[in-house]
Amino acid sequence: MTPIFDNIALCLSGGGFRSAAYALGVLKYLDKVGLRSNIKSISTVSGGSITGIKYIEWLSSDGVNFQTFHDELYQFLAENRLHQTAVSILNDDDIWQDEKYKHKDRNLINSFAIAYDGLLKGKTLQDLNLLGRHLKEYVFNATDMSDALQFRFKNTGVLGNNSFKKKLNGVSSKTLMPKIKLCDVLAASSCFPGGFEPIQFPNDFFVVENNSTLPKVSLMDGGIVSNQGIDNYLIKKKIGKTLLFLADVENYRISNPFEKVISGKFIDVFTKLTSGATTILLALLGTLLLTIYGQHKLVMIGAITLLSISFCLGLLQWLIYYLLKKTGEKIGLKDVLIFHPRRYAVYIINRLTSFKSVAESIFLKNNRRRSLDYLYFKLDTEKGYAPILCPIYRLTSTDQSETRNWAYINAKLVDPYPSKKMLETVGLAASFGTTLWFDDENREAVLNALVKTGEMTACFSLLTYLLSEENEGRLLCSDYPIYEILKTDYKEFQQEV
């Protein structure tokens, strides 16, 4: 294969089973066109670590028949009810008494780790022998919650991070490799906040001697710090002639969370249900029921419930009243009894929306943009290759604003736009949430859509990358035999029914 593809670094982003299945499709297509063997480095985060760690486990033990890896992971994603399995493990006393797991804290994240152990065949980092394989480097990313740093499980350079290395006090990280199981690495990489508690190193990873001086670190999802897996390459002094291929399932766009106008009917109902008048009526009704029919147990429970609701509403209204007074608002008795929607419903909803938007979108998307901006700057400085961006939404935005040199690409290809069927497949794949399971109702359809979207997007991203590089004068597509293969495959994707 030609030099531009000789040294590929593959980054698999976070995103639960959506990322795992999409990454499987990307690898499947890279294998189809003969580029998989050019992957020299893999960096994974969270859901992408499911595919990445399983791939490297397979590569180090078999590595011959790609279909074997594909089928094992596909079956795991299709048949495994991971959340149900984990809950079942959590409630099974015998498992927690097993010598393999008795050192672990009995909690949900360790239950998931045990569930992963079957997929990864009980192997450790030491078992990942890449001698004679195409892959030279792997990096599985987690987050060090103790020092607010990335924590990298890797076979080159520093294990963890520099802060962790200093705390080891001379203990070689190589002595830890045989003790660290892949299932625990995967759990640490995919341990997202809110869904899980941290997994503790070293206690949840292996039996620790009483006199051990190993540092204790709380680990969680790698996506907390960076969800794309590219930071491992940003911290290197030189990337060199490395082609970064970013398979990303997160939406790189953001919409204004305050654009959606709340309907007047919703505000009216919300305001009436939470007004001071409603609070007084509930309190009176509860008091009357308790006074007249208090001897009846069920009525007494109902009355106490009404009084409790009225107390909570009253407390909330007092808080809003206090906050509005602090801002200089003129509040009268009417406003206390029936708050105007602009002073009450929207007051709460806008603040909840802003908090939700910052927590779920703005912080992470800003990190992504800054990382990509720095990556392009670093590559330009080194005169390296521009990265190949392969986000799950790529085929829904084939226009000049989202694709480099789109006018040239549009002119060179007979029909660059995805077909209706392709868009339906991508739409189904992209609409799937960030979970570690598939719903029973459309499990197979969603899984197949994610894998197929990975294949189609990888094809389109490679094709447009070559054309864009040609337009910028860095290569000629005619020098690359893969160019005609990509065009043929993309046309076939468009014609699939």
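Just above, that's the structure.
The structure contained in this document is the topic of the report that follows. Since we're looking at a predicted model, the values are computed, not measured. (Residues numbered from 1 in each chain as written. Predicted model: local features only at pLDDT ≥ 70, side-chain atom pairs only at ≥ 80, totals over all residues. Heavy atoms only, no water.)

A regular strand places its side chains so that they alternate between the two faces of the sheet. The element strand β7 (residues 243–248) is largely enclosed, with a buried count of six among its six residues. Along β7, one buried face is formed by Leu243, Phe245 and Ala247 and the opposite face, lined by Leu244, Leu246 and Asp248, is buried too. Pairing of strand β1 (residues 8–12) with β7, which is carried by five bridges, proceeds in the parallel orientation. Along β7, the bridge assignment pairs alanine 9 with leucine 244. (Buried < 20%, exposed > 50% of the residue type's maximum accessible area, 1.4 Å probe, protein only. Helix = DSSP H or I, 4+ residues; strand = E, 2+ residues; numbered from the N terminus. Pairing = 2+ DSSP bridges.)

Packed helix pairs are characterised by how far apart their axes lie and by the angle those axes make with each other. It is the contact of helix α4 (residues 82–90) with helix α6 (residues 108–119), at a shortest axis distance of 8 Å, that shows an interaxial angle of 110°. Classed by the angle they form, the pair α4 and α6 counts as roughly perpendicular. The handedness of the crossing between α4 and α6 is right-handed. Every residue of α6 that contacts α4 at Leu82, His83, Thr85, Ala86, Ile89 and Leu90 is listed here: Leu108, Ser111, Phe112, Ile114, Ala115 and Tyr116. (Axes fitted to C-alpha atoms, helices over the stretch in contact; angles between N-to-C directions. Parallel < 35°, antiparallel > 145°, perpendicular 65-115°, else oblique. Left-handed = near helix turned anticlockwise from the far one by under 90°. Contact = heavy atoms within 4.5 Å.)

As a further point, take the side chain of asparagine 141. With respect to the helices, strands and loops of the structure, asparagine 141 is situated in strand β3 (residues 137–144). Only 3.0 Å separates the side chain of asparagine 141 from the backbone oxygen of threonine 44, close enough to count as a polar contact. (Polar contact = N/O pair within 3.5 Å; in protein donor to acceptor, adjacent residues only side chain to side chain.)

With that settled, consider the nonpolar core. Judged by nonpolar contacts, the single largest core of 118 residues is most densely connected at Phe5, Leu125, Phe153, Ile180 and Phe245. Element by element, the count of residues in this core is highest for helix α17 (residues 443–471), at 14 residues. Apart from the residues within four sequence positions on either side, phenylalanine 245 is in contact with Ile8, Ala9, Leu10, Cys11, Val26, Leu30, Ile388, Cys390, Ala458 and Leu462. Ala9, Cys11, Tyr233 and Leu244 belong to the second largest nonpolar core, which has eleven residues in total. (Core = buried A, V, L, I, M, F, W, Y, C linked by side-chain atoms within 4.5 Å.)

What follows concerns the pattern of salt bridges. Enumeration over the complete set of coordinates arrives at 20 salt bridges. Between arginine 474 and glutamate 472 there is a salt bridge whose closest N-O contact spans 2.4 Å. Judged by its relative accessible area of 47%, arginine 474 is partly exposed. Taking the relative accessible area as the measure of exposure, glutamate 472 reaches 33% and is therefore partly exposed. (Salt bridge = Lys/Arg side-chain N within 4 Å of Asp/Glu carboxyl O.)

Here α17 crosses helix α18 (residues 482–495) at 135°, and the two axes come no closer than 9 Å. In terms of orientation, α17 and α18 fall into the oblique class. Helix-helix and strand crossings are classified by hand; for α17 and α18 the assignment is left-handed. Seen from α17, the contacting residues are Lys452, Glu455, Met456, Cys459, Phe460, Leu462, Leu463, Leu466 and Leu467; seen from α18, they are Ile482, Tyr483, Leu486, Lys487, Asp489, Tyr490 and Phe493.

All right, on to the pairing of strand β4 (residues 149–154) then. Burial runs high along β4: five of the six residues are buried. Both β3 and β4 contribute to a ladder of six bridges, which runs antiparallel. Paired with phenylalanine 140 across the strands is phenylalanine 153, a residue of β4.

You can see threonine 44 is positioned in strand β2 (residues 39–45). With a relative accessible area of 0%, threonine 44 lands in the buried category. Within the structure, threonine 44 has its side chain in polar contact with the side chain of serine 49 (distance 2.7 Å). Not counting chain neighbours up to four residues away, the residues in contact with threonine 44 comprise Leu12, Ser49, Gly52, Val139, Phe140, Asn141 and Ser189.

This part is about the packing of aromatic side chains. The final tally for this structure, using the stated rule, is 24 aromatic pairs. Plain terms: the ring middles of phenylalanine 5 and tyrosine 480 are 6.2 Å apart, the flat faces sit at 90° to each other, and that makes the pair edge-to-face. Separated by 475 residues along the polypeptide, phenylalanine 5 in the segment before β1 and tyrosine 480 in the loop between α17 and α18 bring together distant segments of the chain. On the basis of relative accessibility, which here comes to 0%, the residue phenylalanine 5 falls in the buried class. Residue classification places tyrosine 480 among the buried positions, given a relative accessible area of 10%. Judged by centre distance (4.9 Å) and plane angle (35°), the ring pair of phenylalanine 432 and phenylalanine 438 falls under tilted. By relative accessible area, which is 11% here, phenylalanine 432 ends up buried. Among the aromatic residues, those joined into a ring-pair cluster are Phe151, Phe153, Phe164, Phe201, Phe205 and Phe206. Taking the ring centre of phenylalanine 206 as reference, the NZ or CZ of lysine 179 above it sits at 5.3 Å. Directly above the aromatic system of tyrosine 385 lies the positively charged group of lysine 241, at a separation of 5.2 Å from the ring centroid. (Phe/Tyr/Trp six-rings, centres within 6.5 Å; stacked < 30°, edge-to-face > 60°. Lys NZ or Arg CZ within 6 Å of the ring centre and 35° of its normal.)

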